[in-house]
Amino acid sequence: MTPKPKIERRKVPRRNAAMETVLVHENGVAREAGVIRDISVAGAKLAIAATGTLPDSAYILIPEQHQIEQCRIVWRSEHEVGLAFAAEPQQDPKDIPQK
C-alpha cells in the first residue's frame, strides 16, 4: 500500500530545528523545558515532557536567538504542542543555525 502524501495546512512553511526552549506561564511562576522541533515566523512545534497541565497561552523563551515570544497553543498531543506566535518573530527561521 502506498502511503498518502502529507497535506501541508500551514500558511507559512516551517524549518526543522533542534533548539532547547522554555515555556513560561502563570505569570512566570511555572516553567516547562522543551525542544523546538520546527519553527516559522508564525509558530513552532515543541516537544515537551507533558502537555496536560499547559494553559492555552504562554511565553516561549528561545535562548539561542535571545528571543521571547507570546504564543498560544493551537494543538496538543501527549508530548508535543503546536504554537502560534502572537506576533511575528524578528528573525527568519532560515537564519536559524541547523543542528
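Residues numbered from 1 in each chain as written. Predicted model: local features only at pLDDT ≥ 70, side-chain atom pairs only at ≥ 80, totals over all residues. Heavy atoms only, no water.

Caption draft 1: Examining the pattern of salt bridges more closely. With the rule as written, the count across this model stands at 2 salt bridges. One salt bridge connects Glu 80 with Lys 45, and the closest N-O pair in it is separated by 4.0 Å. Here Lys 45 lies in strand S3 (residues 43-48) and Glu 80 lies in strand S6 (residues 80-85), a separation of 35 residues in the sequence. The partly exposed category is assigned to Glu 80, whose relative accessible area is 26%. (Salt bridge = Lys/Arg side-chain N within 4 Å of Asp/Glu carboxyl O. Helix = DSSP H or I, 4+ residues; strand = E, 2+ residues; numbered from the N terminus. Buried < 20%, exposed > 50% of the residue type's maximum accessible area, 1.4 Å probe, protein only.)

Caption draft 2: Broad picture of the sheet that holds strand S1 (residues 15-25). Read around the barrel, 6 strands follow the order S1-S2-S3-S6-S5-S4 and close on themselves; strand pairing throughout is antiparallel. Going across the sheet, the axis of each strand differs from the next one's by a mean of 45 degrees, ignoring polarity. Pairing between S3 and S6: 5 bridges, direction antiparallel. The partner of Leu 46 across the bridge, within S6, is Val 81. (Pairing = 2+ DSSP bridges. Axes fitted to C-alpha atoms, helices over the stretch in contact; angles between N-to-C directions.)

Caption draft 3: Region of the structure containing the pairing of S1. Here S1 pairs with strand S2 (residues 30-39) via 9 bridges, running antiparallel. Bridge pairing in S2 links Thr 21 to Gly 34. Linking S1 back to S2 in an antiparallel pair, the connection comprises 4 residues, with Glu 26 at a positive phi of about 55 degrees. As defined by bridge partners, S1 adjoins strand S4 (residues 57-62) across 3 bridges and the pair is classed as antiparallel. Each bridged residue has a counterpart across the sheet, and for Leu 23 the counterpart in S4 is Ile 60.

Caption draft 4: Focus on the environment of Ala 49. Secondary-structure assignment places Ala 49 in the loop between S3 and S4. On a C-alpha basis, the gap between Ala 49 and Gly 34 in space is 7.2 Å, while along the polypeptide they are 15 residues apart. In contact with Ala 49, other than residues within four places in its own chain, are Glu 78 and His 79. (Contact = heavy atoms within 4.5 Å.)

Caption draft 5: Representation of the environment of Ala 50 in the model. By the element assignment, Ala 50 lies in the loop between S3 and S4. Sequence-wise, Ala 50 and Ser 77 are 27 residues apart; in three dimensions their C-alpha atoms are separated by 8.8 Å. If near-sequence neighbours (up to four positions away) are discounted, Ala 50 is found in contact with Glu 78 and His 79.

Caption draft 6: The arrangement of unusual backbone geometry in detail. For Glu 26, which is not glycine, the phi torsion reads 55 degrees and is therefore positive. With phi around 55 degrees, His 66 is a residue other than glycine that occupies positive phi space. Mapped onto the elements, His 66 comes out in the loop between S4 and strand S5 (67-76). Relative accessible area serves as the criterion here: at 78%, His 66 is assigned to the exposed category.

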